[in-house]
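Notes for the structure review
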Amino acid sequence: CQVYEKNQYFTSEFGKITCLETFTGDELLGLPLKAPNAKYDKVYTLPLLTISMGKGTGVVTSVPSDAPDDYIALKALKDKPDFAAKYGITPDMVDPFEVVPIINIPGYGDQSAVFMCEKLKIKSPNDKAKLAEAKDETYLKGFTSGIMTVGPHKDMKVSDAKPLIKEEMIANGDAHLYFEPEKRVMSRTNDECVVASTDQWYLAYGEETWQDAVRKHVLNPDMFDAYDPQSLGKYDYTIGWLKEWACTRQFGLGTFLPWDSQWVIESLSDSTIYMAYYTIAHVLQGEDNLNGASGKSPGKVNPEDLTDEVFDYIYRNGPLPENTNIDEGALNKMQSEFRYWYPMDLRVSAKDLIPNHLTMALYNHAAIWDDEPELWPRGYYTNGHVLVDAEKMSKSKGNFLMMDETVNEFTVDATRFACADAGDSLDDANFSRETAVAAIMSLSNEESWIRETLAEGADQLRSSGDLNFMDQVLQNETNRLVNATADCFATMRFRDGLQKGWFEMIIARNEYRSWCQDLGITMHEGVLRKWVESLVVAICPVCPHWSENMWKHLGKEGMIVKAPWPTTDEEDKLLTRQAKFLRDALKNFRAQKGKAKKGWKTASILVSDDYPQWKVDILLWMHDQYDANAGCFPKDFMGSLKKWSSTNITDKKFIKLSMQFASWMKKEVEDVGSMAMEIKLPFDQKAIIVDFEGVIKSQLDLSEVEIISLESDAAGSSVPDKISSNVSPGKPYLWFH
């Protein structure tokens, strides 16, 4: 490009380029150059195998101190004269030039490129993957954490110095503005796109006070919910780089720019507060009135009457417009409708729109309602793309699904079930046809079982007497899972909600049914009915038609979509732990039975109430580490444990055991709370096993079981140490002998 009139324009006549010379790239190699702001008065054009060949001359400033590609290329030319000679590069063009430090990065030093290449053991320009990793890390750290060590901006952060140096170079005539796409962009005509240097209107999203206000809103968890830390990070990142945005164009559909009607507002910039229009559209347009015909307007509003003063009154609490043709009642209705519905609590969109539309909507809400931040968007939920059977949808692969054919094949509820199970994060969701088919079977089976058990077989259920342990466990599991499901749905985690509200609810019922069968006890009608009603309501957001059908079969009035969420008691953590103790014990017993010699019909179950001293010491240390208010351990828990173990445990074999025990106990705490760290168990292990002796015999096919407490029973003293070492509080052991 040509520089024209003090660097203000590229050419004297817009769009007309004067060709000064033509040449090939290899003719530039070895030419002496003067680089702006460089230490050396003269440098040479050197080959770089990773340079982008499609951008201008392909000549860029080499910064081997902080650009890994530049450092490795310079080193290769110095170390391999034969390689340099292939490109016409002689030793005097590279040997005198050393790496010049210009930026200091904490942890990386003042030659970050050298540091990363040595760290990743990069030896050659062919190590492209490692070079890309090194580049990403050094560029990010350099910009965010780097400090200038030379020049007029010494001791200034790189992020602050960069725009100043840019302006200085432009003012001195050493540089001019140049724009290019962030990555290769292809048009629908299969042409590669370039950035057009045209007259343009911009939105200055990078303006400091505007940017700070939006960032403060996004990072305040009381004001904004991104539903995912990864998404929140993307909003913060976008706010950091989004500066001037070209907001107009001269072709296509759009709204005319009010002060320059030769331009229309491009779609992303013109779709940032239309959510506010939703709140009054029913007054302005009504139904079946996409063209906005005034004769169909419920509020009898003509589009010509919608002045700035009218919208200021509706949206900004401005004064009542004078000389308006719109009825005051209609104006007041629209104002109250807007105030009732705003702020926008949730917008569901795609992850692709985080770097543009969604972030711009935040900016524009902040601009229009600058004095009312409580009206800015309160939450965005974004998701990834949709795969079918773990593959991108494609007609050639036969996995391209349309909504109507999917519903016809799998039914509405099974389709919704598979969609909920597909995933909720920014990762691509996977719609599995196998899951949809399995959902049909699961929903049908549960409907049949519920009808047979509650409608046809209710007279065979218990309906009186005190609740036994199994009844209480199912009741408690129902409370726990209903509450967990509500939390999942409230935070847009539908896959987790499906797991809790359907799969784990069914597992809890199956376990209850199995225990009752093994003990020869009928199930309790009240407990079972509470479970059924909770299941039907909990799955309703995912499978509403199935739930409506079951609601009627349960004899309930009205529609289930209007039914309240199930009322529950708080989870009994102790009961949860007792049930988990029994569940885990049975699982371990089955594993131990599988390892025993075939034919064993008798066994002893060993229980212990006391931890050995080394475990007591670990539990006491864990108590000190645990944050009761936050309900969790610190992030560096395992690292701190390793340091504590190496200092306080002298026997090396116990260091590994202590790590394993603490890791297992940490998971127990996450499942049942801090009571898991108690030195003495808060329940009687032996009593639970005695009560469920029949279940144990039935599931393990044993004719006789002896239950021994190592501390209180005489038989405990005769158990060999090798066997007793497998027993600890909460972890009984099945001993075949």
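In this text the structure is predicted, and so the values were computed from the model without any measurement.

**Quick notes on the pairing of strand 10 (residues 380–383)**
- Taken together, the four bridges between strand 9 (residues 347–350) and strand 10 define a ladder with parallel strand orientation. When the sheet's bridge partners are listed, Ala350 is paired in strand 10 with Asn383.
- For the crossover that starts at strand 9, traverses helix 12 (residues 354–368) and ends in the parallel strand 10, the hand is right-handed.

**Digging into the confidence of the model for the protein chain**
- The pLDDT averaged across the protein chain works out to 90; a share of 97% of its residues lies at or above 70.
- Taking the mean pLDDT of every element in the protein chain, the minimum, 84, falls on helix 23 (residues 652–672) and the maximum, 97, on helix 14 (residues 412–421).

**Things to note about the side chain of His217**
- Mapped onto the elements, His217 comes out in helix 6 (residues 208–218).
- Residues within four places of His217 in sequence aside, it is in contact with Met223, Phe224, Leu362, Pro373, Trp376 and Pro377.

**A short note on the pattern of salt bridges**
- Counted under the stated rule, the structure contains 31 salt bridges.
- Residue Asp79 is joined to Lys75 by a salt bridge in which the shortest nitrogen-to-oxygen separation is 3.0 Å. On the criterion of helical spacing, the pair formed by Asp79 and Lys75 is a turn pair, its members being four residues apart in helix 1 (residues 68–79).
- You can call Lys75 partly exposed: its relative accessible area is 38%.
- The partner of Lys666 in a salt bridge is Glu670, with the nearest N and O atoms 2.9 Å apart. Of this pair, Lys666 and Glu670 both sit in helix 23, separated by four residues, roughly a single helical turn.
- What makes Lys666 partly exposed here is its relative accessible area of 21%.
- Members of the salt-bridge network, linked through shared partners, are Glu477, Arg480, Lys500 and Glu504.

**Overview of the packing of helix 17 (residues 494–519) against helix 18 (residues 525–538)**
- Contact geometry of helix 17 with helix 18 gives a least axis separation of 10 Å together with a crossing angle of 165 degrees. Overall, the two elements helix 17 and helix 18 adopt an arrangement that is roughly antiparallel. Of the two possible hands of crossing, helix 17 and helix 18 adopt the one that is left-handed. Across the interface between the two elements, Gly501, Trp502, Met505, Ile506, Arg509 and Tyr512 from helix 17 touch Leu528, Trp531, Ser534, Leu535 and Ala538 from helix 18.
- Looking at the contact of helix 17 with helix 18 residue by residue, the class counts come to eight nonpolar, two polar and one charged.

**Some details on the layout of surface pockets**
- A volume near 1300 Å³ is recorded for the second largest pocket.
- Those elements that provide at least two residues to the lining of the second largest pocket are strand 5 (202–204), helix 8 (274–278), helix 10 (308–316) and helix 12.
- Here the lining of the second largest pocket takes five residues from helix 10, the largest share from any one element.
- Class assignment for the residues of the lining of the second largest pocket results in 21 nonpolar, seven polar and four charged.

So, how was this worked out
Residues numbered from 1 in each chain as written. Predicted model: local features only at pLDDT ≥ 70, side-chain atom pairs only at ≥ 80, totals over all residues. Heavy atoms only, no water. Pairing = 2+ DSSP bridges. Helix = DSSP H or I, 4+ residues; strand = E, 2+ residues; numbered from the N terminus. Right-handed = clockwise from strand over helix to strand, strands pointing away. pLDDT = per-residue confidence, 0-100. Contact = heavy atoms within 4.5 Å. Salt bridge = Lys/Arg side-chain N within 4 Å of Asp/Glu carboxyl O. Buried < 20%, exposed > 50% of the residue type's maximum accessible area, 1.4 Å probe, protein only. Axes fitted to C-alpha atoms, helices over the stretch in contact; angles between N-to-C directions. Parallel < 35°, antiparallel > 145°, perpendicular 65-115°, else oblique. Left-handed = near helix turned anticlockwise from the far one by under 90°. Nonpolar A, V, L, I, M, F, W, Y, C, P; charged D, E, K, R; others polar. 1 Å grid on protein atoms, 1.4 Å probe; cavity = no way out; pocket = protein on both sides within 12 Å on 5 of 7 lines; lining within 4 Å. Points joined across faces, edges and corners; volume = space filled by probe spheres on them.

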